[in-house]
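Topology and contacts: notes
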Amino acid sequence: MSEPPEIKLVDLAEPWNPAQATERIRSIAKGVYDLAYKRHALKQLDDRSLIMGDLTFLLKNGFVYEPGVSATRPPFWKYQIQCTTPNSKNREVRAVVIPDWKRKGIKVVTVMWADEPVQGG
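Residues numbered from 1 in each chain as written. Predicted model: local features only at pLDDT ≥ 70, side-chain atom pairs only at ≥ 80, totals over all residues. Heavy atoms only, no water.

1. Details of the overall build of the protein chain
Stated precisely, the cut-off is as follows: For helices the rule is a DSSP run of H or I covering at least 4 residues; for strands it is a run of E covering at least 2, with both sets numbered from the N terminus onward. Only the protein chains shown count as cover for residues, with accessible areas throughout obtained via the Shrake-Rupley method and a probe of 1.4 Å.
A count of helices and strands for the protein chain gives 3 helices and 6 strands. Put simply, the protein chain runs from its N terminus to its C terminus through helices and strands in the order α-β-α-α-β-β-β-β-β. In terms of principal-axis extent, the alpha carbons of the protein chain reach across some 45 × 40 × 25 Å. Carbon and sulfur atoms make up 53% of the accessible area of the protein chain, which totals about 7700 Å².

2. A closer look at unusual backbone geometry
In the segment running from Glu14 into Pro15, the intervening peptide bond is cis, with an omega of 10°. Note on placement: Pro15 falls in the segment before α1 (18-29). Note the cis peptide between Pro74 and Pro75, where omega equals 10°. Considering the arrangement of structural elements, one finds Pro75 in the loop between β3 (69-70) and β4 (77-84). Of note in the backbone geometry, Asn90 takes a positive phi value of approximately 65° without being a glycine. Tracing the backbone through its elements, the reader meets Asn90 in the loop between β4 and β5 (92-100). Phi at Lys104 takes a positive value of approximately 55°, unusual for a residue other than glycine. On the secondary structure map, Lys104 appears in the loop between β5 and β6 (105-113).

3. Examining the pattern of salt bridges
For clarity, the cut-off: Whenever Lys or Arg places a side-chain nitrogen within 4 Å of a carboxyl oxygen from Asp or Glu, that contact is recorded as a salt bridge.
A full pass over the atoms with the stated rule returns 5 salt bridges. The residue Lys43 makes a salt bridge to Asp47 at a minimum N-O spacing of 2.9 Å. Taken together, the residues span about one helical turn, with Lys43 and Asp47 both in helix α2 (residues 39-47) at a distance of 4 residues. Here Arg48 and Glu116 are joined by a salt bridge, their closest N and O atoms 2.9 Å apart. Linking Arg48 in the loop between α2 and α3 (52-61) with Glu116 in the segment after β6, this pair joins segments that are 68 residues apart in sequence.

4. Notes on the layout of surface pockets
Put simply, the test is: Here a cavity denotes a set of grid points, spaced 1 Å apart and computed over the protein atoms alone, in which a 1.4 Å probe fits but from which it cannot get out, and a pocket denotes an open set meeting protein on both sides within 12 Å along at least five of seven lines; residues with an atom within 4 Å of a point are reported as lining. Grid points are joined across faces, edges and corners, and a volume is the space filled by probe spheres set on the points. Each residue is assigned to one of three groups, with Ala, Val, Leu, Ile, Met, Phe, Trp, Tyr, Cys and Pro labelled nonpolar, Asp, Glu, Lys and Arg labelled charged, and all others, Gly among them, labelled polar.
The space that makes up the second largest pocket amounts to roughly 400 Å³. Lining the second largest pocket are 17 residues, and of these Ala71, Arg73, Phe76, Ile98 and Lys107 sit closest to its centre. Residue assignment for the lining of the second largest pocket shows that the elements contributing at least two residues are β1 (34-37), β5 and β6. With 4 residues, the top contributor of residues to the lining of the second largest pocket is β6. Each residue belonging to the lining of the second largest pocket can be placed in one class, and the counts come to 6 nonpolar, 3 polar and 8 charged.

Written as structure tokens, this is what we have:
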């Protein structure tokens, strides 16, 4: 059985709706991309006994459920993506990310459990 053909995504002005954000973040993460992150995000991973593989799994398989929020540096937007990961023990992990569609990059602002309240970022 062959895999379905890959859909080519076109440029789309932001903010994206949740479905578009999910599709585009996953698309970036499944290719060759630049991953940047704040030290805070790495500490948050460590505090939750998660590893970088959990973060990459999240970016490739997660879902965005809420509309984006304008980032501090226009024209970028922040999105929250979440899912369970291999080391999350069935607990949903959420990351606040800033995707860059044109440059094929993702900046990770913070990582948290999805049932934790969002604080800043």
